Amino acid sequence: MNTSTLWEETLPGSSSWSHILKRGTALRIEAIEDNSNVGAIFLNADNPSERLNLSDTLKAQHIARLAKDSVLYSDMGRILCSITDDTLGWHDPLGGCSDATLVEKKYGRLSYQEAKNNWHQNALDGFLIELAKYGMNGRDLMMNVNFFSKVAVREDGGMRFVENHSAAGSAIELRSEMNTLVILNTCQHPMDPDKTYAQRPVKLTIKKVEAPGPDDTCRNACPENGRGFILTERYFV
């Protein structure tokens, strides 16, 4: 284990996970199998009323995908996390998450009583269960990111899920710029056309990292990011 590593674990497929990722640490997510999907939402752990705003995240950086050097903005213009490493170059911020109705329609109903840990779960319920652990509910939900998945936007505005986008070993690293409540879910992407219910695990690693300096590539990716970092750093003065 690297000396900077604080924690490692495997998150099973079709599972939820949450952790307060401290400022000065990073979370690395690595796909163990092909075609993984990791839904994620982010909140300020010190003030959960501040949370990920995907509209501002995309608008401020003039992007429709997430990749290395992208940052995740809160609804107060601060930066929750920065993407400091990424092997894919495209992660979906548009496709949303599955719910019970979608899962039953696509894969059929299979309860815990029938299948134990192989029962058919959905991402929406997973997010709600993790939020409840911190005293929150459906009012605190926001649009989620889908790491390891790609959704392309056609010229007519329609969206197309790109199959076979990620392979085993694909990875993304998120540096926390605030004390950030990170909630993950490993259910399949809601637009995935595969009719087979699959449970694909990922490896999670939390490690210590240095604070971003003036030459940080995430900070300098665009002028808006520079202002976002200033607002974030002032928050901790």
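Residues numbered from 1 in each chain as written. Predicted model: local features only at pLDDT ≥ 70, side-chain atom pairs only at ≥ 80, totals over all residues. Heavy atoms only, no water.

Trainee: Which parts of the structure should I look at to understand the UniProt feature "domain: DUF1989" (unreviewed entry) in the chain?
Mentor: Residues given the UniProt feature "domain: DUF1989" (unreviewed entry) here are residues 9-181. For residues 9-181, the end-to-end C-alpha separation is 17 Å, with 17% helix and 29% strand making up the annotated structure. (UniProt positions renumbered as here; feature names shortened; annotations may be inferred. Helix = DSSP H or I, 4+ residues; strand = E, 2+ residues; numbered from the N terminus.)

Trainee: Sorry, what's going on with the side chain of S18 here?
Mentor: Note on placement: S18 falls in strand 2 (residues 16-21). Of note is the side chain of S18, whose polar atom sits 2.7 Å from the side chain of E130. At 2.9 Å, the side chain of S18 and the side chain of Y134 are in polar contact. For S18, the contacting residues outside a window of four places in its chain are E130, Y134, L181, V182 and I183. (Polar contact = N/O pair within 3.5 Å; in protein donor to acceptor, adjacent residues only side chain to side chain. Contact = heavy atoms within 4.5 Å.)

Trainee: Mind showing me how you'd approach the nonpolar core here?
Mentor: Considering soluble globular proteins, one finds that nonpolar side chains tend to be buried as a cluster. If you look at the biggest cluster of nonpolar residues, it comprises 37 residues, and the most contacted ones within it are L27, I29, F42, F147 and L184. Setting aside chain neighbours within four positions, we find L27 in contact with W17, L21, I172, E173, L174, V182, L184, L204, T205 and I206. Judged by nonpolar contacts, the second largest core, of six residues, contains A60, I79, C218 and F229. (Core = buried A, V, L, I, M, F, W, Y, C linked by side-chain atoms within 4.5 Å. Buried < 20%, exposed > 50% of the residue type's maximum accessible area, 1.4 Å probe, protein only.)

Trainee: How should I be thinking about the sheet that holds strand 11 (residues 180-185) in this particular structure?
Mentor: The pairing of strands in a sheet happens through backbone hydrogen bonds and is either parallel or antiparallel. Here four strands make up an open sheet; going across it, the order is 2-11-4-7 and the pairing antiparallel. Of all the strands in the sheet, just strand 2 and strand 7 (145-147) have a single pairing partner and so form its edges. For this sheet, the mean inter-axis angle between neighbouring strands, taken without regard to orientation, is 30°. Here six bridges tie strand 4 (residues 38-44) to strand 11, and the two strands are oriented antiparallel to one another. Counted as the bridge partner of N44 is T180 from strand 11. (Pairing = 2+ DSSP bridges. Axes fitted to C-alpha atoms, helices over the stretch in contact; angles between N-to-C directions.)

Trainee: For this particular structure, what's the right way to read the layout of surface pockets?
Mentor: To find leftover empty space, a probe the size of one water molecule is rolled over the atoms. By volume, the largest pocket amounts to about 210 Å³. Surrounding the largest pocket, 21 residues form its lining, N35, S36, F161, D192 and R200 being those nearest its centre. For the lining of the largest pocket, the per-class residue count stands at five nonpolar, 11 polar and five charged. Roughly 160 Å³ of volume is contained in the second largest pocket. Along the walls of the second largest pocket sit A100, V103, E104, G108, R109, L110, S111, W119, H120, N122 and D125, which together make up its complete lining. (1 Å grid on protein atoms, 1.4 Å probe; cavity = no way out; pocket = protein on both sides within 12 Å on 5 of 7 lines; lining within 4 Å. Points joined across faces, edges and corners; volume = space filled by probe spheres on them. Nonpolar A, V, L, I, M, F, W, Y, C, P; charged D, E, K, R; others polar.)

Trainee: It is not clear to me how the sheet that holds strand 3 (residues 25-31) should be interpreted in this structure. Could you clarify?
Mentor: Spatial ordering of the open sheet is given by 1-12-3-10-6-5, a layout of six strands whose pairing is antiparallel. Edge positions in the open sheet fall to strand 1 (5-11) and strand 5 (71-73), since each of these has one partner strand only. Each adjacent strand pair in this sheet contributes to an overall mean axis angle of 20°, direction not counted. Two elements, strand 6 (residues 79-86) and strand 10 (residues 171-176), share five bridges in a ladder whose sense is antiparallel. Bridge pairing links I83 to L174 in strand 10.

Trainee: Please clarify how helix 5 (residues 223-235) should be interpreted in this entry.
Mentor: Side chains that are three or four residues apart share a direction in an α-helix, a result of its 3.6 residues per turn. Helix length check: helix 5, at 13 residues, gives a terminal C-alpha distance of 19 Å against a target of 18 Å (1.5 Å per residue), a fit within 8%. Three or more residues of helix 5 are buried, namely N225, G226, G228, F229 and T232. Down the axis of helix 5, the smallest arc covering the buried residues is 160°, so these residues share one side. Facing away from the buried surface of helix 5 by more than 90 degrees, the exposed residues are P223, I230 and R234. If you follow the buried residues of helix 5, they end up packed against helix 1 (54-61), strand 5, strand 6 and strand 10. (Expected span 1.5 Å × (residues − 1). Arc of directions from axis to C-beta.)

Trainee: I keep staring at the packing of aromatic side chains and nothing clicks. Help me out?
Mentor: What the rule picks out here adds up to three aromatic pairs. Geometrically, the ring pair formed by Y107 and Y197 is edge-to-face, given 5.4 Å between the ring centres and 80° between the ring planes. Pair noted here: Y107 is in helix 2 (residues 100-107) and Y197 is in the loop between strand 11 and strand 12 (202-208), with a separation of 90 residues, a long-range link. Accessibility expressed as a relative area gives 14% for Y107, which makes it buried. (Phe/Tyr/Trp six-rings, centres within 6.5 Å; stacked < 30°, edge-to-face > 60°.)

Trainee: Before we go on, may I ask you to explain unusual backbone geometry in this structure?
Mentor: Leaving glycine aside, a negative phi is the common case for residues, and trans is the common case for peptide bonds. Its identity is not glycine, yet H62 carries a phi of approximately 55°, on the positive side. Tracing the backbone shows H62 in the loop between helix 1 and strand 5. Taking the relative accessible area as the measure of exposure, H62 reaches 65% and is therefore exposed.

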